[in-house]
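Per-entry structural report
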Amino acid sequence: MTQTIRVALAGAGAFGIKHLDGIQKIDGVEVVSLVGRRLEPTQEVAKKYGIGHVATELSEALARPEVDAVILCTPT
C-alpha cells in the first residue's frame, strides 16, 4: 500500500504551473494547497488543477495538518 504525499506548492506563476503539470503525472503525489502573491489569479490556477486550498501567505499553507511537503516555485 502506497501512501499519498500531500504537497503545498508556493508559486502560482509560470514555474509553479510547470511543476503542477509534472506533478499530475506522478502517482502518489497530490497538491493540497497553492500559495501565490495575488489571490484571484492563484484561485484560478487552483481551480484548473483541482487544488482545494489557496493562500497568499506560505505560513497559512504550512499550518495545514495535511501538508507533508512543500515545493517552492517562487522567484529567486
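I will try to describe carefully the structure that is included in this document. (Residues numbered from 1 in each chain as written. Predicted model: local features only at pLDDT ≥ 70, side-chain atom pairs only at ≥ 80, totals over all residues. Heavy atoms only, no water.)

1. Re helix α1 (residues 14-23)
- Within the span of α1, buried status applies to Gly 16, Leu 20 and Ile 23. Take α1 and look down its axis: the buried residues cluster within an arc of 65 degrees, on one side only. Counted as exposed and oriented over 90 degrees from the buried face of α1: Ala 14, Phe 15 and Lys 18.
- Here the buried face of α1 lies against β1 (5-10), β2 (29-35), α2 (39-49) and β4 (69-72). (Buried < 20%, exposed > 50% of the residue type's maximum accessible area, 1.4 Å probe, protein only. Helix = DSSP H or I, 4+ residues; strand = E, 2+ residues; numbered from the N terminus. Arc of directions from axis to C-beta. Contact = heavy atoms within 4.5 Å.)

2. Brief notes about the sheet that holds strand β3 (residues 53-55)
- Spatial strand order, β3-β2-β1-β4: four strands in an open sheet with parallel pairing. In this open sheet, the two strands that pair with only one neighbour each are β3 and β4. On average, each strand axis in the sheet is tilted by 30 degrees relative to the strand beside it, whichever way the strands run.
- Contacts from α2 reach β2 and β3, with the element oriented near 155 degrees to β3. (Pairing = 2+ DSSP bridges. Axes fitted to C-alpha atoms, helices over the stretch in contact; angles between N-to-C directions.)

3. Some thoughts on α2
- Within the sequence span of α2, burial applies to Thr 42, Val 45, Ala 46 and Tyr 49. All buried residues of α2 project into a common sector of 100 degrees when viewed along the axis, lining one side. Among the exposed residues of α2, those pointing more than 90 degrees away from its buried face are Glu 40, Glu 44, Lys 47 and Lys 48.
- Lining the buried residues of α2 we find α1, β2 and β3.
- Looking one or two residues beyond α2, the residue adopting positive phi is Gly 50, at roughly 70 degrees.

4. Some remarks on the nonpolar core
- Among the nonpolar cores identified, the biggest contains 12 residues, and these are Leu 9, Ala 12, Leu 20, Ile 23, Val 31, Leu 34, Val 45, Ala 46, Tyr 49, Ile 51, Val 54 and Cys 73.
- For this core, the element with the most residues is α2, which contributes three residues.
- The residues touching Ala 12, leaving out its near neighbours within four places in the chain, are Ile 17, Leu 34, Val 35, Gly 36, Thr 42 and Val 45.
- Within the second largest apolar cluster, seven residues are counted, among which are Ala 8, Val 32, Val 35 and Val 67. (Core = buried A, V, L, I, M, F, W, Y, C linked by side-chain atoms within 4.5 Å.)

By themselves, these figures tell us nothing about what the structure is for.
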